[in-house]
Amino acid sequence: MLRRSGLLFFVGFLSWALTATQIPAPKICGSPKGPPVTAARIKLSDERHLAYKEHGVPKEKANYKIIFVHGFDSCRHDAVIAQTLSPEIVKELGIYIVSFDRPGYGESDPNPKRTVKSMALDIEELADQLELGSKFYVIGISMGGQVLWSCLKYIPHRLAGAGLLAPVVNYWWSGFPGNLSGEAYNQQFRQDQWALRVAHYIPWLTYWWNTQKFFPSSSVAGHSTDTLSPQDQELVPKLIQRISHMAEVKQQGAFESIHRDMIVGFGDWEFSPMDLENPFPNNEGSVHLWHGDDDRIVPVTLQRYIAQQLPWIHYHEIPGAGHLFAYADGMCDSIIKAILTGEK
């Protein structure tokens, strides 16, 4: 009787586990049951679509062409560089910016095979199909900033320059001293530590972990304001325009957008940023990294270490700034001038 009860319990638990970890199929834009297609899109070589949005001067008249990579739980409309850059600077320098929906976000098709490398190749193909020329600039924020490491690894020959704004760090990158990464990891909320462990060690449970109600899940995915610094709190009102497109961000499903982000971003990488070589040995371009010293989402200590290991990176640490510093008045003007003209 005890064995039968144990067997029934095991079968029942297995049935529940399989049901709980089932991932809803994405609602592909343009499919019969999916959201409509409203954005400009390109078709990639693997038949996926990538949605994009253009800003600034027409690309045919541009002196500088920039691809902007959005962050976690965002989309092509969240191009802070394009939104806050001074119109005078755009016109004076002749700046063209294109933002795009990363796979699974907005109106870009999901990519179940998404990898660190595939993101860099998507960016290269976007540049080619939009005819941006042999070289272009890339700027990414937060999770989009993390994507720029893959650009520096896989398509450095296509870059004219790069800007990483508060890029997310993977605590499992090789090259970090164990005590340093451990200390930074432990600065995270306990619930975020667990969410990252799940994404790294048992990625197939990521969706369940962040949707279950038994334990607290990712505070970032849950839009908790507890992770924001005092400066971030002051800048939040500047994000009010996001209300108009928030429903579009995950309209195809949460798994292939935010959960896939976590799985790829915090998974096992085939390279470490600390091993990268200078893509501009003759100073024909530059790589910049900005980070706030009061960022409570991505610990500044790890960015400092990366900058020490890669002395060719122009590191800008902003006193008192949190994760949202790019929205501060005049910040993007300074960022763009540094990347494009070298002005400090």
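Residues numbered from 1 in each chain as written. Predicted model: local features only at pLDDT ≥ 70, side-chain atom pairs only at ≥ 80, totals over all residues. Heavy atoms only, no water.

1. Focus: helix H13 (residues 331-341)
Phase 1: Counting buried positions along H13 gives eight out of 11 residues, so the element sits mostly inside the fold.
Phase 2: Residues of H13 that are buried include every one of Met331, Cys332, Asp333, Ile335, Ile336, Ala338, Ile339 and Leu340, and no others. (Buried < 20%, exposed > 50% of the residue type's maximum accessible area, 1.4 Å probe, protein only. Helix = DSSP H or I, 4+ residues; strand = E, 2+ residues; numbered from the N terminus.)

2. Regarding the pairing of strand S4 (residues 95-100)
Phase 1: Of all the six residues making up S4, six are buried; the element is thus mostly covered by neighbouring parts of the structure.
Phase 2: Covered by surrounding structure in S4 are Ile95, Ile97 and Ser99 together with Tyr96, Val98 and Phe100, the residues of both alternating faces.
Phase 3: With five bridges joining them, strand S2 (residues 49-56) and S4 adopt antiparallel strand pairing. Looking across to S4, one finds that Glu54 is bridged to Val98.
Phase 4: With six bridges joining them, strand S3 (residues 64-69) and S4 adopt parallel strand pairing. Bridged to Tyr64 within S4 is Ile95. (Pairing = 2+ DSSP bridges.)

3. A few points about the side chain of Ser217
Phase 1: Topologically, Ser217 is positioned in the loop between helix H8 (206-211) and helix H9 (230-235).
Phase 2: A relative accessible area of 18% places Ser217 in the buried class.
Phase 3: Not counting residues within four places of it along the chain, the set of residues in contact with Ser217 comprises Gln191, Asp192, Trp209, Asn210 and Gln212. (Contact = heavy atoms within 4.5 Å.)

4. Focus on the UniProt feature "domain: AB hydrolase-1" (unreviewed entry) in the chain
Phase 1: Under the feature "domain: AB hydrolase-1" (unreviewed entry), the UniProt entry names residues 66-326.
Phase 2: Taken as a whole, residues 66-326 contains 36% helix and 13% strand, while its terminal C-alpha atoms sit 16 Å from one another. (UniProt positions renumbered as here; feature names shortened; annotations may be inferred.)

5. Describing the environment of Thr115
Phase 1: Checked against the element boundaries, Thr115 lands in the loop between S4 and helix H4 (116-129).
Phase 2: Sequence separation between Thr115 and Asp275 is 160 residues, and the spatial gap between their C-alpha atoms is 19 Å.
Phase 3: For Thr115, the side chain forms a polar contact with the main-chain nitrogen of Lys117, separated by 3.3 Å. (Polar contact = N/O pair within 3.5 Å; in protein donor to acceptor, adjacent residues only side chain to side chain.)

6. Notes on the state of the cysteines
One way to say it: the disulfide is the covalent bond shared by the sulfur atoms of two cysteines.
Phase 1: Counted according to the given criterion, the structure contains zero disulfides.
Phase 2: Residue Cys29 stays outside any disulfide, its sulfur separated by 11 Å from that of Cys75, the closest cysteine.
Phase 3: Relative accessible area serves as the criterion here: at 4%, Cys29 is assigned to the buried category.
Phase 4: The cysteine Cys332 is free of any disulfide, with Cys75 supplying the nearest cysteine sulfur at 17 Å.
Phase 5: With a relative accessible area of 1%, Cys332 lands in the buried category. (Disulfide = S-S within 2.5 Å.)

7. Comments concerning the pairing of strand S1 (residues 40-43)
Phase 1: As defined by bridge partners, S1 adjoins S2 across four bridges and the pair is classed as antiparallel. Bridge pairing in S2 links Ile42 to Leu50.

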